[in-house]
Every structure is written in structure tokens, then in C-alpha cells.
Amino acid sequence: MEALTAMAASGLRVRTETLDLIANNIANTGTSGYKADGESYDLYFGEDAWEGVNENRPADGEMPLIRSNWVNFTQGTLLPTGNQSDLALTSSGFFAVQSESGTLYTRAGHFRISKKGTLETPEGYELLATTGKPLQLDASKPFTISTSGQVVQEDTPKGSLQIVDVDSVDNLIKHGGTYFMLPPSGKVSPATNIEVVQGKVESSNVEATQAAVKLVGVLRQFEMLQRAVRIAGDMGKQAVEQVAKVGF
Amino acid sequence: MIRALFSAGSGMTAEQMNVDNIANNIANANTAGFKMRRTQFQDLLYQTVVQPGSAAGTQTTVAAGLQLGLGTRPAANEIIFTQGDFQQTNNPLDVVIQGAGFFQIHQANGQLAYTRSGAFQLDRNGNVVTQDGNPIEPQVTIPPQAQSISIASDGTVSYTLPNQTTAQTAGQIQLANFANPAGLNSIGHNLFTPTDASGDPTVGAPGGQEGVGTLQQGYLENSNVSVVEEFINLITSQRAYEANSKVVKAADEMYQQVNQVVS
């Protein structure tokens, strides 16, 4: 493939992956605690630009793709639910829950009180307290949660929720179910300036209008790249039919 | 691009389910004791295209990987147990619960079910029953010649007989409470049954230590559906459905473009 076709083809592939990201964002506009995905691209440099450089040099024939996605951790709006066990964070940080595959982090605050008297997610993952264990409450009594995450039942403090900051949010891996997983290299620390709101949940932070604009953009760019592939094909044809013509 | 099509498809299915749920809420806007449900969504699994931390070159690693999500799914629609408005009916057998408790209803199959709807009636034997004729538990019987029925805030049901001044006690209504009422199972007719998620009922007298709430005679609890809120949810859900369908269209157009390259 000559350079134009190769570049246009890789551009086409990037746009399809971008569409996948946008589709997932739009599908999750109603998912509470969902954080929108964004993408970042690699620049394409011609062969000459890599002259004498070995660091990060793509292999021959390797074309730019979406290099990575990044998660947009801006705050989603709070929706009142009227449920005392629904929690939202208006500060940075994550709730820590105990799953069968280890500790997961989430900002989705649909919790419920289990039969055992612990706060848990809809999957039954228990919400962890600062002690690293689930909080033990009396299931039949109402409780209040202060902005600092302290749980009080019948005027007795029962402990505080574990709300953590991650050293670098780039390390977080989406796990599905609005949970994030941290690889062993990632570190957490207790969050400062915690603000917990009881009776509300944080809605998805997908900007529907922005996603729609991006969708149109991707679609048109795809069209242009498709034209580029055709032009490259036509040029090749011209080269064969006109330039290489022998004798007039 | 197949991913985009299915992600958008999952979004459309989820929003469709949300509209189903909103429709049921609105349909029950005038059902006494009805508790609205709200759909919750979750994102699906992620396909990891580039693992974060994998080697990008001889000395560097990828700072953030590439994970492509595969759409959404409706995770649950939990019951929202906020208190509904009280409507005065002056019917002596209309009772509301001020608090978190439930009336216990004896079903025809012998099992107990629970309800917030306090629109009771008398059957021909004088038993206090629901509109479907199921008696409340514990059973309260009022003799046919009873003149006035009063239900105290602690659930004591009393009546007076003709030419008598002292009231007779017919029984005491008991209420039940659940650890996680959002986990109850709706079986229709305003009734709920307990599940593993809701926990077992704690039964107590109104106004007692169990925190089941108190009773108020002559009122009905309206549905807690806010029609305005449901309409707003309906609009957002409809628009989200539309946005997802636009993604399907975009993916389709991109496929067409691909086919044109080949032609």
C-alpha cells in the first residue's frame, strides 16, 4: 500500500473504534455513576520523521490507532431517590466495595441494607468501612450518613465509610457494572474533603449533545477518509493507464 | 463497528424497558398505596484492546490502555418507598400508615402478603378485609350491629354496640417492617411478598419499638408517583432512545461507506 491509502485506512479503523466508544457512552446516558470515555490518538509521522529514533518507533507497516481511552471523571448531576441507603459523592473519590474478585471502586451509589445489616450493592458486594470491613448496622432501624461519611444509627456512631482517592485515575480499569478495578501497582489513600450526600445518586456524566456532535464528526471524517482511499485508488489507476502509457 | 451497533442496541432495549416502567408508574398514579419503581442501569463488560501498563516500546509502558465498552443493561428496578400524600376519605375503614410499616394480609393460599394500601372493607362475617376479600392478620371481626368503628393510632380497633356507652375492643392491627423494603417482590393487587433480599418481616404494634409507624383512620395513602417527574423521565428516556438509534444509523452509514470503497 502506498502512504495515502495506508493512512486513510488506519484513519478509517480509528473512526470505527471511536464510534464504539461513542456508542457505549450514549448507551450509558442513564447509568448512574457511569463515567464517559474519551479517546486519544497517536500522531502519524512519516518514515523520515523516525530517522535515527528508536524509542516508541512503530514497527514497519504499523499505522496509528486509538492509542488509549481516558475516562472523564467530571461530576455527574445528583438525582434525588428518596432512599436512605442511596449515596452520592460530590467530592473526588470512590466508594470501596468487596467483590469476589477483590476490592472494586465505584461512584454509583445504589446501595441497600442487607438482611445481615450491612450496606451492599445490587450485586451483593459489601460496602467497606474505614476499618476495611463492612459496617454492621441494625437492618430494621433508620440511619443517617453525614457529609464526612460517618454512619449514625439511633445517635450511636457505627463507623465511617471508606472513601478513597486513587494516586492516578489513569490506572483504573473499567470492570463493568460501573465498577473500577485497580491493578496491583495502583495505590489508594483515604480521600480528603469528603462530601457524601444521602438519598441521592450521581447520574451518568455523558454529555448527550457533545456525543451527538462527535457522532456527526466521526461520520463525516469517515466519509472523507473513504474519499481519500478512492482518490488514492484512482491515482494508482491513472498512473497505470496514463503515465505508464508507452507510445502516444 | 459491530460493537457500536450492539452497544446502541443495548441502549435502545434498556430505554425501552425504562419506558415500560414509567408507563406502569403513570398508570398507577391513582392507585392507593402504590409505590413507584425506578429502573437502574449498569454498563456492561469492557473489551480490553490495549492492556494498561503493557509495553509500548523497549523502555516505556502504555500509561492508559484502550478499553471499549459494550453497552448498558437494566440492572434492577427498585421500589421507592417514599410516603405518598394522604387523602381524607372519612371512611372509618380507610387507614394510612405514617411510617415504614406494612399491613399483613392473609392470602387465599394461606400465605402472608404485605401492603401499604389501607382501603379496608367488611365481609359478610364482619371480618376486616382488603378490596379482594383477603382478611388482615391478625384477624379483626366487627359484629353487624356495631355502631361506630374507630381505629386508634396504636392499631386498636374498637366499636360501640347500640344502647351502650363503653367501647368494645375488636382487636389490634399489627404491622410488619422489612430491613430492605426495596427488595420486596410485587405480586399485583398492591401486595408484596418477602424475598431473600428484603429479609424477614419484623412484626410489631403501631407506635411500638419496632418502628413500624402509626395509623391514622379516615385517610388513604395516595400513590407516590409524581406525574411531573415521570413525564420528565419519559422525555429523557425517549431522547436517549433516539440518540441510540442515531448511533445505529451512523454505524450503518459507515458500513455503506466501507462498501463504496470496495466498489
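So, a few notes on the structure that sits alongside this text. Given the structure is predicted, the values throughout are model-derived calculations rather than measurements.

Calculation criteria
- Residues numbered from 1 in each chain as written.
- Chains lettered and ligands numbered in written order.
- Predicted model: local features only at pLDDT ≥ 70, side-chain atom pairs only at ≥ 80, totals over all residues.
- Helix = DSSP H or I, 4+ residues; strand = E, 2+ residues; numbered from the N terminus.
- Buried ≥ 20, exposed ≤ 12 C-beta atoms within 10 Å, placed from the backbone.
- Contact = placed C-beta atoms within 7 Å.
- Core = buried A, V, L, I, M, F, W, Y, C linked by C-beta atoms within 7 Å.
- Nonpolar A, V, L, I, M, F, W, Y, C, P; charged D, E, K, R; others polar.
- Pairing = 2+ DSSP bridges.
- Axes fitted to C-alpha atoms, helices over the stretch in contact; angles between N-to-C directions.

## Details of the overall build of chain A
Broken down by element type, chain A carries two helices and 18 strands. Relative to its 248 residues, chain A shows a buried fraction of 38%. Counting only contacts in chain A whose residues sit at least 6 apart along the sequence, the fraction spanning at least 24 positions is 68%.

## Here we look at the nonpolar core
Ranked by size, the top nonpolar core spans 61 residues in total, and within it Phe95 and Tyr105 of chain A together with Tyr114 of chain B carry the most contacts. Ranked by residues supplied to this core, first place goes to strand β5 (residues 94–99) of chain A with four residues. Once residues lying within four places of it in the same chain are set aside, the contact partners of Phe95 of chain A are Tyr105, Thr106, Arg107, Leu127, Leu161 and Ile163 of chain A. Tyr34 and Leu225 of chain A together with Leu70 and Val247 of chain B belong to the second-largest nonpolar core, a separate cluster that totals 29 residues.

## Digging into unusual backbone geometry
With an omega of -5 degrees, the peptide bond between Glu137 of chain B and Pro138 of chain B qualifies as cis. In this structure, Pro138 of chain B sits in the loop between β10 (128–129) and β11 (148–151). The phi angle at Asp155 of chain A is positive, at roughly 65 degrees, despite the residue not being glycine. C-beta crowding within 10 Å serves as the criterion here: with 6 such atoms nearby, Asp155 of chain A is assigned to the exposed category.

## Observations regarding the environment of Leu21 of chain A
By the secondary structure assignment, Leu21 of chain A is in helix α1 (residues 3–27). The spatial distance from the C-alpha of Leu21 of chain A to the C-alpha of Gly38 of chain A is 7.4 Å, given a sequence separation of 17 residues. Discounting chain neighbours no more than four positions away, the residues touching Leu21 of chain A are Asp37, Glu39 and Asn69 of chain A together with Leu68 of chain B.

## Here we look at the interface of chain A and chain B
Accessible area lost on assembly of the parts is the figure often given for the size of an interface. At the junction of the two partners, chain A supplies 53 residues and chain B supplies 61 residues. Of all elements in the fold, only α1, β2 (66–71), β7 (112–113), β14 (173–176) and α2 (208–243) of chain A reach the threshold of two or more residues within the side of chain A that touches chain B. Among the elements that make up the side of chain A that touches chain B, the one with the highest residue count is α1 of chain A (10 residues). A class-by-class count of the residues in the side of chain A that touches chain B yields 20 nonpolar, 22 polar and 11 charged.

## Comments concerning the pairing of strand β1 (residues 37–43) of chain B
All names here are of chain B. With respect to burial, β1 is a largely interior element, six of its seven residues being buried. Where β1 meets strand β4 (residues 72–79), seven bridges bridge the pair, whose relative direction is antiparallel. Bridged to Phe41 within β4 is Pro74.

## Overview of the sheet that holds strand β13 (residues 168–172) of chain B
All names here are of chain B. Strand order across the open sheet formed by three strands is β11-β12-β13, with antiparallel pairing between neighbours. Looking at strand neighbours, the two that pair on one side only are β11 and β13, the edges of this open sheet. Pairs of neighbouring strands in the sheet enclose a mean axial angle of 20 degrees, with direction left out of account. Two strands pair when backbone bridges link them, and strand β12 (residues 156–160) and β13 are joined in this way by four bridges, in the antiparallel orientation. The residue bridging Val157 from the neighbouring strand is Gly171, located in β13.

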